[in-house]
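# Examination of the molecular architecture
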Amino acid sequence: MPRHPEPRTHASGWTRRQSLRYITAGAMGLVGLPRAHPAPASPSPPRTRLRLIGEARLPHRFQFQGSTVGGLSGIDYDDASGLFYLLSDDGSSINPARFYTANIAMETRHLGEPELRSVTFLRQADGSTYPAALRGIDVPDPEAMRWRAASQSLFWTSEGHVLTGAAPALRESRADGTLVREFALPPMFDFQLNQGPRINRTLEGLALSPDGKRAWIAMEAALRQDGPVPTVQADGGPCRFTEIDLSSGNILRQIAYVPDAVPGAPVPPATQADNGVTEILMLDAQRMLVLERAYMAGHGPTTGNSLRLYLIDTRLGSDTLGLPTLRPDIYQPVAKVLLADFSAFTGAGAGPRLDRLDNTEGMCWGPRLANGARSLHVISDDNFSSRQITQWLAFEFFD
């Protein structure tokens, strides 16, 4: 999502609200169900469920096979080929909408350098590439991508383009970029005069169930009729997460997720600060990881970015699919558990450390480590800006 003009990182402490959210579902750790009601708050945050393996970076505006590499907002991994798929959110402005494949060497305590293998341009139904905003109506804004081994195909979301009327979309494409289908989404996701999604705050997240039969799509922010965006003083309105049957295309259900308040004030106070959902990932058939990314202007590359990883159980919370407006008295949002604040990996400390965080928007499972643990990979969207970086981080995930 090309929004933040400068690099971002954050190293704030815990709030009482965060402690309560942990305790609300605290008994489960990573197994079982969260409790429905919060227990008394604890002053201590939970144990971080991640161990940093290492960091890699791609050069700014790296030229590869006739394309400019950047804006990487989606990542996924194919275990059979050992390839990572990297989705650029370039809406055909620099080059046509596209994705890359890459290899990266990884050991239990070391991450190597990424090696790009191919670039593939996404195609419309007529076989042509997607146009830029000034050249067409079906303008893409790619944000999230998932590989499905059973169909050897890729599912990807587009945030749409309000000025051309291109609605947010979920599409399936073959590995060669040709279009398989576009899913019919609820009309609530169409841009409308007085309601519907906010510009650049639509379908940021995409997750597939482990059996590959269902998908979840996640809004970055609340629909306009559902509530406000987060502020420094208050949590945001509910983001709608929608479950889809991939065989029939039927919409199955929907839950509401409330993103945190912006964790710090911008400098000066009237400048930009925001927070929202940038990616989701299934932990198992029902439990989901949710990545929240916040930005606070004026803090520079080491203190302006916040990344927090939460756990939810999709079986909890009300089904909001039939509710045109989410008023607080008619639905129950899903409970959330903080698993990691990425500021824990910055600054001084033992083990690998990061000198900054950036605009992280992609998240996926990678290959198993030698000890059998899962590896979790995240990647940042540099917005093609020289003041930001394409940062690839790998973690060991503690189940």
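My aim in this report is to walk through the structure given alongside it, one point at a time.

Each value, and the rule that gives it
- In every chain, residue numbers begin from 1 and rise along the written sequence.
- Owing to the predicted nature of the model, reporting of local features is limited to residues with pLDDT of at least 70; listing and counting of side-chain atom pairs is limited to 80 or more, with chain, interface and lining totals taken over all residues.
- Side-chain numbers here rest on the full set of heavy atoms in the structure, without hydrogens or water.
- Salt bridge, as used here, is a side-chain nitrogen of Lys or Arg placed within 4 Å of a carboxyl oxygen of Asp or Glu.
- Put simply, DSSP marks the helices as runs of H or I at least four residues long and the strands as runs of E at least two long, and each gets a number from the N terminus on.
- Residue exposure (1.4 Å probe, protein chains only): buried if accessible area is under 20% of the type maximum, exposed if over 50%, otherwise partly exposed.
- Think of it this way: DSSP has to see at least two bridges between two strands before they count as a pair.
- Each axis is a line fitted through C-alpha atoms, and for a helix only the stretch in contact is used; angles between axes span 0 to 180 degrees, taken between their N-to-C directions.

## Here's the deal with the pattern of salt bridges
Within the structure shown, the criterion is met by 23 salt bridges. The salt bridge partner of Asp-138 is Arg-171, with a shortest N-O separation of 3.0 Å. In this pair, Asp-138 sits in the loop between strand E7 (110-121) and strand E8 (142-148) while Arg-171 sits in strand E10 (residues 169-174), placing the two residues 33 residues apart along the sequence. Between Asp-274 and Arg-201 there is a salt bridge, with the nearest N and O atoms lying 3.7 Å from each other. Residue Asp-274 is located in strand E16 (residues 273-282), and its partner Arg-201 is located in the loop between strand E11 (179-182) and strand E12 (203-208); the two are separated by 73 residues in the primary sequence. By relative accessible area, which is 3% here, Asp-274 ends up buried. Residues participating in the shared-partner salt-bridge network are Asp-260, Glu-292, Arg-308 and Lys-336.

## What to know about the pairing of strand E19 (residues 337-341)
Of all five residues that make up E19, five are buried, and the element is covered over most of its length. Bridge count between strand E18 (residues 305-313) and E19: four bridges; the pairing is antiparallel. Bridge pairing in E19 places Leu-311 opposite Val-337.

## Re the sheet that holds strand E6 (residues 98-107)
The strand order across the open sheet formed by four strands is E4-E5-E6-E7, and the pairing between neighbours is antiparallel. Edge strands, defined here as strands with exactly one partner in the open sheet, are strand E4 (72-78) and E7. Recorded for the sheet is a direction-independent mean angle of 25° between the axes of neighbouring strands. Bridge count for strand E5 (residues 83-88) against E6 is four bridges, and the pairing is antiparallel. Across the sheet, Tyr-85 pairs through a bridge with Thr-101, a residue of E6.

## Quick notes on the sheet that holds strand E9 (residues 153-158)
As summarised here, the arrangement of the four strands in space is E8-E9-E10-E11, forming an open sheet in which the pairing is antiparallel. In the strand order of this sheet, the two ends are held by E8 and E11, each with one partner. With strand direction ignored, the average angle separating the axes of adjacent strands in the sheet is 20°. In this sheet, E10 lies alongside E9 in antiparallel orientation, the contact comprising six bridges. For Thr-157, the partnering residue across the bridge sits in E10 and is Leu-170.

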